[in-house]
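Geometric and topological summary
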Amino acid sequence: MWRRLRASESAGTIYDIDYDRLRALGKRALLFDVDNTLGERGMKTLPERSLRLVLSLVERGFRVGILTNRKRNADDPAVLTLREHIPVIHAAGKPRRSGFRELLAALDAAPEEAVMIGDRCLTDVLGANRLGIYSIQIRSTAARVTADRADPESESECLPTSTADRARRGGCHRGC
Ligand SMILES: [Mg+2]
């Protein structure tokens, strides 16, 4: 079980990821979570820096999509902004595989070409692992780092490297 909760790698924020390296690994499709990944949990407005990054990745030839468990909501400006540019799957039901498959189809990408980027091991990472999708777990929210006050408490407990490490971290609590 723990193996399935372990991301392929982790990153402080979406801005710390080496996307050129992912491309060199043969990755062509980037699946982004929204809350605590592109910005703060529950945000109404997408941080401009996040939108700029997403658009730059599209310009660089990546197929980019959004996979969120947020409910479909006509009054969700953060997600509506993204939908103007890239495919968005709402109410994805992560870690169920159906949402991942739906987004991969929209991006015309195979699982082995894709990377799931999100903060939660029980949804983003587990779902990706179930389909053999490379996963990157975000440790700190973009907004926190943008504010230049990264919170060490936000470091994920869901990246166990050993039994001792798991014990030290106290397991996968905090709804991660
Ligand atoms: Mg999230």
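Residues numbered from 1 in each chain as written. Predicted model: local features only at pLDDT ≥ 70, side-chain atom pairs only at ≥ 80, totals over all residues.

**Focus on the overall build of the chain**
A count of helical and extended segments in the chain gives seven helices and six strands. Written out in order from the N terminus, the α and β elements of the chain read β-α-β-α-β-α-β-α-β-α-β-α-α. Within the chain, the proportion of its 176 residues that are buried is 41%. For the chain, the share of sequence-separated contacts (at least 6 apart) that also reach a separation of at least 24 residues comes to 62%. (Helix = DSSP H or I, 4+ residues; strand = E, 2+ residues; numbered from the N terminus. Buried ≥ 20, exposed ≤ 12 C-beta atoms within 10 Å, placed from the backbone. Contact = placed C-beta atoms within 7 Å.)

**Focus: the sheet that holds strand E3 (residues 63-67)**
The strand order E1-E6-E5-E2-E3-E4 describes an open sheet built from six strands, whose pairing is parallel. In the strand order of this sheet, the two ends are held by strand E1 (9-11) and strand E4 (88-89), each with one partner. Of the strands in this sheet, strand E2 (29-32), E3, E4 and strand E5 (114-118) touch helix H4 (residues 97-107), which is tilted by about 155 degrees from E3. Its contacts with the sheet place helix H5 (residues 121-131) against E5 and strand E6 (134-138), and it is angled at close to 165 degrees to E6. (Pairing = 2+ DSSP bridges. Axes fitted to C-alpha atoms, helices over the stretch in contact; angles between N-to-C directions.)

**Observations regarding the confidence of the model for the chain**
Reading fine detail from the predicted coordinates is not recommended where pLDDT is low. Overall, the prediction assigns the chain a mean pLDDT of 84, with 79% of residues at 70 or greater. For residues 147-155, every residue scores under 50 in pLDDT, and the model assigns this stretch 12 contacts once sequence neighbours within four places are set aside. With pLDDT under 50 throughout, residues 160-176 is counted as low confidence; its partners more than four residues away or in other chains account for 22 contacts. (pLDDT = per-residue confidence, 0-100.)

**Things to note about the pairing of E6**
Remark: a regular strand shows side chains that alternate across the two faces of the sheet. Counted residue by residue, E6 has five buried out of five residues, so it is predominantly covered. A two-sided burial pattern is seen for E6, the buried positions comprising Tyr 134, Ile 136 and Ile 138 on one face and Ser 135 and Gln 137 on the other. Pairing analysis gives three bridges linking E1 to E6, with the strands arranged parallel. Following the sheet pairing, Ser 10 is matched in E6 by Gln 137. Relative to E6, E5 is paired through four bridges, and the arrangement is parallel. When the sheet's bridge partners are listed, Ile 117 is paired in E6 with Ile 136.

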